Amino acid sequence: MQTGTDFRSRRQFRAAATRLAASGAAAAALLVALPPQDATATSIAPPSCKPGNDKTCYKEIRIINNTNGTIYAIIQGSIQTNPAINCAKGDVWLQRALGDTKNCYVVANDYYAYVNPVRGILKGETVSVMVPWWSALNKDRDPKADSHVDWWRGGRIYIFDDQTALNDSYKVNAGRRGQSVAFASGSPAVKCNTATKNACSASELKIYRVQPEIPGSAIMTQSPNQLNEWTFADVGPLAAGAELTSLNLNYNVSNVDQLYLPVAMEPIAPGYKIGYMGTLMSVTDWRARLVTFTGANANQTSTTNWPIYNNPIDAKTKKRRYPNAGIRVPSTLAAFNYYMSPAYIDGNTKLPEIIPLPTPFDRTKLPKLIRNIEVNWQNCTTAPYKNCPLKDWYTPIKQSFDKSYKTYLAKCWGNGQGPSYMAPLADGLPKLETYMRFLHGWVPFRVDKVGGKGACTAADVPDLPQTNEPPSQMGYAPVNYMKLQYDFEQLGAKGAQMFNPYTQLIHGSLADGFLNASAYAFSIDDHESFQNHPGSGLIFAVGGGNGLPNKKKVPPAVPQFYEWYTAGVSLGKSPTSAGWKSYGICASETNREFSSDDPGTIGLNPKTTPSPCMITLRDTNNKKYQIKIMTFNATGTMPYQIWPEFTATGPKPFDPRIVVCPNTDDWCKYTNETARRTDPNKPNKAPTFTLGTRAPN
């Protein structure tokens, strides 16, 4: 499960005027965070960013327009106020980039680089923009500017297909109240690449400091666009010295907050061995599937199944506010965030940002699938558990969120000093839409008091359980949560019994009318691989795969291995052996590809893995390997005694009651089993139920 704060959405999920606290609801749509870095990795020197010797200081952002119209892009350098070396707030990326840990390098502002804001990126065109790690700013020209912009950490790109939507912010920032950026002498800056056939217009590339106090300076929630994020370079854990260890590309495609444009994302690297994440779908096909899922009418002024963002039609001109924009679909998180605390276009209460909005509010009139989510949750968490065969999967999740809310009431509610949507009802919990908003964000109930009366911190309301925590600390709650997100394919849930139909929309098959996109559908979507690769930049192909060097989709991650809760098959790999190519779980042939030739450990949940179960593998030479696992136990007290206690010895590497080699290949016979529920010398140590294999022959 990805955790942390380097990738975080600051999309304006409004919650009245109250700031939602940082690791909870402040990151209203957590996209994905960097995984923990290896504290033992070798540190490297930062790249030189001196004029004339700054090639490694830049990464390329390449945007390919495969749509039938014109698109526009904004590249963002993001606010950085995280703990840094010797600093409560700052930017450890800048500290390492500049070789200076005496200064904190707080970045208090967002910065927008507008790419072709006037002419746009025309159909079939490609633009290439060079983005430096940092830019130094001239504070004499703008006293409110930061000393530096960090373009690499939590960088963002917004892609528009409607110029009116782009102009919501561009005309404000390019107008008389806007604040253009002035760079310090000799500073690297965002610039058009000098490559041939580059449609980037140097004369139009403008950079501004965002001024949230000026309406429209920041991109508004109502402005339709598609967002993606990245972090370039790897900096280790702060507690281990926060060493710079690589200049790799960290990225993924996220639909945690919304669906608007189909985008494929791919690294620029020698040989282009890494495929794309996202989708190669055309805009026409994409939008047709979204219309079907939402049940939107032809004018997209109402829906029956799922809400959509409002693109209102002017009563006088009969024109849409955003004339070229298509259907835009909020995620489950975004939808409940809205129904928890509605907001309006330009503050006009007749123009809700998301439709439909029953007025006065009546949850029974919410779109069908949203209401199904609410009813299913109530059925699965309240006796007599009507129509919920999966109720046991819900129990630890319910317990974790109830505990979080009760802690919030005790520590942060302050007898009504919190926002009204956080108020307790007769059952001691908040209104259902509020509960659903936090549930589908997988964030604790951590919300500041209104009017600046006090922050609600992690010291007040702790984070939710993590998968590396034992059953006594409810570590199986997030394991169950992720399994329920895929209940439609792993637990047999259908229709109104599904936990989150939005996940099926993202990951369901094309044949069934869904998107089959390799993208995060929810904030801890471990089904999708977080990507970390060497490379000189990223490609964003919009509306199709033309221009992508590798048109093969990155496979999903292997099922996760959780020491406390699953068994695992750890696949051997040596520097001289072939790599692993594909696998099948409980299958006589492989049916899924690995995302790497050294995939590590395949997790097998004893509650859902049938037995006996044949694990079938193929190496990069297409040679086939098999291990049959005869049984799994998921009864008794957690952690489960998945297999009988066993320690491998020379003549007996595995328990024949558990492992059977289906052929005479010596490879399987050297499998090593460890089955240990508890360690008398280390009572807090997680159990170990693993099979370790040899590398491919």
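What this report covers is the structure whose coordinates are included nearby. Note on numbering: residues in each chain are counted from 1, in written sequence order. Where local features are concerned, this predicted model is filtered to residues with pLDDT of at least 70; where side-chain atom pairs are given and counted, the filter is 80 or more; whole-chain, interface and lining totals use all residues. To get the side-chain values, all heavy atoms of the structure are used, and hydrogens and water are removed first.

Turning our attention to the nonpolar core. Each nonpolar core is a collection of buried residues, namely Ala, Val, Leu, Ile, Met, Phe, Trp, Tyr and Cys, held together in the definition by side-chain atoms within 4.5 Å. Burial status follows relative accessibility: with a 1.4 Å probe on protein chains alone, a residue under 20% of its type maximum counts as buried, one over 50% as exposed, and anything between as partly exposed. In terms of nonpolar packing, the biggest core is built from 156 residues, with I61, I75, W151 and Y408 touching the most fellow members. Comment: elements are numbered from the N terminus, with helices defined as DSSP H or I runs of at least four residues and strands as E runs of at least two. Take this core: its biggest share by element is 8 residues, from helix α7 (residues 391-413). We call two residues contacting when some pair of their heavy atoms lies within 4.5 Å. Contacts of Y408, omitting those with residues within four sequence positions, involve W413, G418, P419, M422, F445, V447, C456 and V461. Formed by 29 residues, the second largest nonpolar core is a distinct cluster that contains V569, I627, W643 and F689.

Take helix α4 (residues 283-294) next. Expected span, for any helix, means 1.5 Å times one less than how many residues it has. Look at α4: 16 Å from first C-alpha to last across 12 residues, which is about the 16 Å you get at 1.5 Å a residue. Among all positions of α4, only V283, W286, R287, R289, L290, F293 and T294 are buried. What you see down the axis of α4 is that its buried residues fit within an arc of 160°, all on one side. Structural note: α4 exposes T284 and T292 on the side pointing more than 90 degrees away from its buried face. Just past α4, the residue G295 takes up positive phi, approximately 70°. What the arc measures is the spread of directions leading from the helix axis to the C-beta atoms.

Two cysteines joined by a covalent bond between their sulfur atoms form a disulfide. The rule for a disulfide is simple: a pair of cysteine sulfur atoms within 2.5 Å. Under the criterion given, the structure shown has 7 disulfides. Paired by a disulfide, C49 and C57 hold their sulfur atoms 2.0 Å apart. Of note, the bridge from C49 to C57 carries an S-S torsion of about 95° and is right-handed in sense. Like C49, the residue C57 is buried in the burial classification. A sulfur-sulfur separation of 2.0 Å characterises the disulfide bridge that pairs C192 with C200. Looking down the S-S bond of the C192 and C200 bridge, the torsion is -60°, so its handedness is left-handed.

Turning our attention to the side chain of T566. Mapped onto the secondary structure, T566 falls in the loop between β21 (537-542) and β22 (567-570). Under the relative-accessibility criterion, T566 is labelled buried at 2%. In this structure, T566 is in contact with Q560, F561, G603, L604, N605, P606, I642 and F689, ignoring residues within four places of it in sequence.

As a rule, the C-alpha atoms of each element are fitted with a line to give its axis, helices using only the stretch in contact, and angles between N-to-C directions run from 0 to 180 degrees. The interhelical angle for the contact between helix α6 (residues 368-381) and α7, taken along N-to-C directions, is 90°, at an axis separation of 8 Å. Classed by the angle they form, the pair α6 and α7 counts as roughly perpendicular. When α6 is examined against α7, the residues N376, W377, C380 and T381 are found in contact with a partner set consisting of K391, Y394, I397 and K398. Along the lines of polarity and charge, the residues of the contact of α6 with α7 split into 4 nonpolar, 2 polar and 2 charged. Between 65 and 115 degrees an angle is taken as roughly perpendicular, under 35 as roughly parallel, over 145 as roughly antiparallel, and anywhere else as oblique. Side-chain classes follow a simple rule in which Ala, Val, Leu, Ile, Met, Phe, Trp, Tyr, Cys and Pro form the nonpolar group, Asp, Glu, Lys and Arg form the charged group, and the remainder, Gly included, forms the polar group.

Structurally, the position occupied by A88 is in strand β4 (residues 87-90). By relative accessible area, which is 68% here, A88 ends up exposed. Sequence spacing of A88 and T221 is 133 residues, and the spatial spacing of their C-alpha atoms is 30 Å. Setting aside residues up to four positions removed in sequence, A88 forms contacts with N82 and P83.

Attention now goes to the pattern of salt bridges. In the sections that follow, a salt bridge refers to a side-chain nitrogen of Lys or Arg positioned within 4 Å of a carboxyl oxygen of Asp or Glu. Across all of its chains, the model carries 18 salt bridges by this definition. Ionic pairing is found between D91 and R153, a salt bridge with its closest N-O pair at 3.1 Å. Residue D91 is found in the loop between β4 and α2 (92-98), and its partner R153 is found in the loop between β8 (148-150) and β9 (155-160); the two are separated by 62 residues along the sequence. Pair check on accessibility: D91 and R153 agree, each one buried. D402 is the salt-bridge partner of K398, the closest N and O atoms lying 3.4 Å from each other. Taken together, the residues span about one helical turn, with K398 and D402 both in helix α7 at a distance of 4 residues. Look at K398 and you get buried, because its relative accessible area is 18%. You can call D402 buried: its relative accessible area is 14%. One continuous salt-bridge network, built from bridges that share partners, spans E589, R618 and K624.

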